[in-house]
Amino acid sequence: MLVLLLILIAVLFGFGFLDRIWWVAAAVLVYAVTHHGRDRGGGRSRSGSSDLGDYRDYHERRNRQERWDRRYSRQNRSRWRREDRRDREHRR
């Protein structure tokens, strides 16, 4: 797939010597391919050791888990308190 995209970009660039609109088309294609790769997590950092997309996915999952924990820990605490109150009332 990448090879076909590179060939298409080269052909569009070559046609650019006939009409400038082909250079614009080649530039738009390059822009679309690079940004589509970043959106999917394909953009590499300069060191090449980790994906920016992987970090974003990790960060999103971590935030989602924190929201889940906060939401349900509050509900559980209140439920536990209610159950403790009921237990104390039944002991009397």
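Quick notes on the rules
Residues numbered from 1 in each chain as written. Predicted model: local features only at pLDDT ≥ 70, side-chain atom pairs only at ≥ 80, totals over all residues. Heavy atoms only, no water. Helix = DSSP H or I, 4+ residues; strand = E, 2+ residues; numbered from the N terminus. Buried < 20%, exposed > 50% of the residue type's maximum accessible area, 1.4 Å probe, protein only. Areas by Shrake-Rupley, 256 points an atom, 1.4 Å probe, with all protein chains shown as cover. Patch = residues over 30% accessible without salt bridge, like charges linked within 9 Å, V, L, I, M, F, W, Y side chains within 5 Å. Salt bridge = Lys/Arg side-chain N within 4 Å of Asp/Glu carboxyl O. Phe/Tyr/Trp six-rings, centres within 6.5 Å; stacked < 30°, edge-to-face > 60°. Lys, Arg positive; Asp, Glu negative; His and termini not counted. Charge placed at Lys NZ, Arg CZ, Asp CG, Glu CD. pLDDT = per-residue confidence, 0-100. Contact = heavy atoms within 4.5 Å.

Undergrad: Can you help me understand the overall build of the protein chain in this one?
TA: Across its full length, the protein chain holds 3 helices and 0 strands. Ordered by position from N to C terminus, the α and β elements of the protein chain give α-α-α. Sorting the 92 residues of the protein chain into buried and exposed places 9% on the buried side. Within the structure as shown, the protein chain displays about 8500 Å² of accessible surface, and the carbon and sulfur contribution to it stands at 56%.

Undergrad: Would you take a moment to explain a nonpolar patch on the surface for this structure?
TA: A cluster of nonpolar side chains, contributed by Val-3, Leu-4, Ile-7, Val-11, Phe-15, Leu-18, Ile-21, Trp-22, Val-24 and Val-28, occupies part of the molecular surface with about 990 Å² of accessible area. Going through the elements one at a time, α1 (2-15) and α2 (20-39) are the ones with two or more residues in the nonpolar patch. If one sorts the elements of the nonpolar patch by residue count, α1 sits on top with 5 residues. Of note, Ile-21 is situated in helix α2.

Undergrad: In this structure, what is going on with the packing of aromatic side chains? I would like to understand it.
TA: Both the distance between ring centres and the angle between the ring planes are used here to describe each pair of aromatic rings. Inspection of every chain in the model, using the stated rule, returns 5 aromatic pairs. Judged by centre distance (5.6 Å) and plane angle (50°), the rings of Phe-15 and Trp-22 are tilted. A centroid spacing of 5.3 Å and a plane angle of 80° characterise the contact between Phe-17 and Trp-23, whose relative ring orientation is edge-to-face. Judged by relative accessible area, which is 31%, Trp-23 ranks as partly exposed. Among the aromatic side chains, those forming a connected cluster through ring pairs are Phe-13, Phe-17 and Trp-23.

Undergrad: Would you take a moment to explain a positive patch on the surface for this structure?
TA: Together, Arg-77, Arg-81, Arg-82, Arg-85, Arg-86, Arg-88 and Arg-91 give the surface a local cluster of positive charge. Tracing the backbone through its elements, the reader meets Arg-82 in helix α3 (residues 52-91).

Undergrad: Just to check I follow, could you spell out the confidence of the model for the protein chain for this structure?
TA: Keep in mind that low pLDDT regions are not for reading the predicted coordinates in detail. The predicted model of the protein chain has a mean per-residue pLDDT of 78, with 80% of residues at 70 or higher. Taking the mean pLDDT of every element in the protein chain, the minimum, 80, falls on α3 and the maximum, 88, on α1. With pLDDT under 50 throughout, residues 42-46 is counted as low confidence; its partners more than four residues away or in other chains account for 9 contacts.

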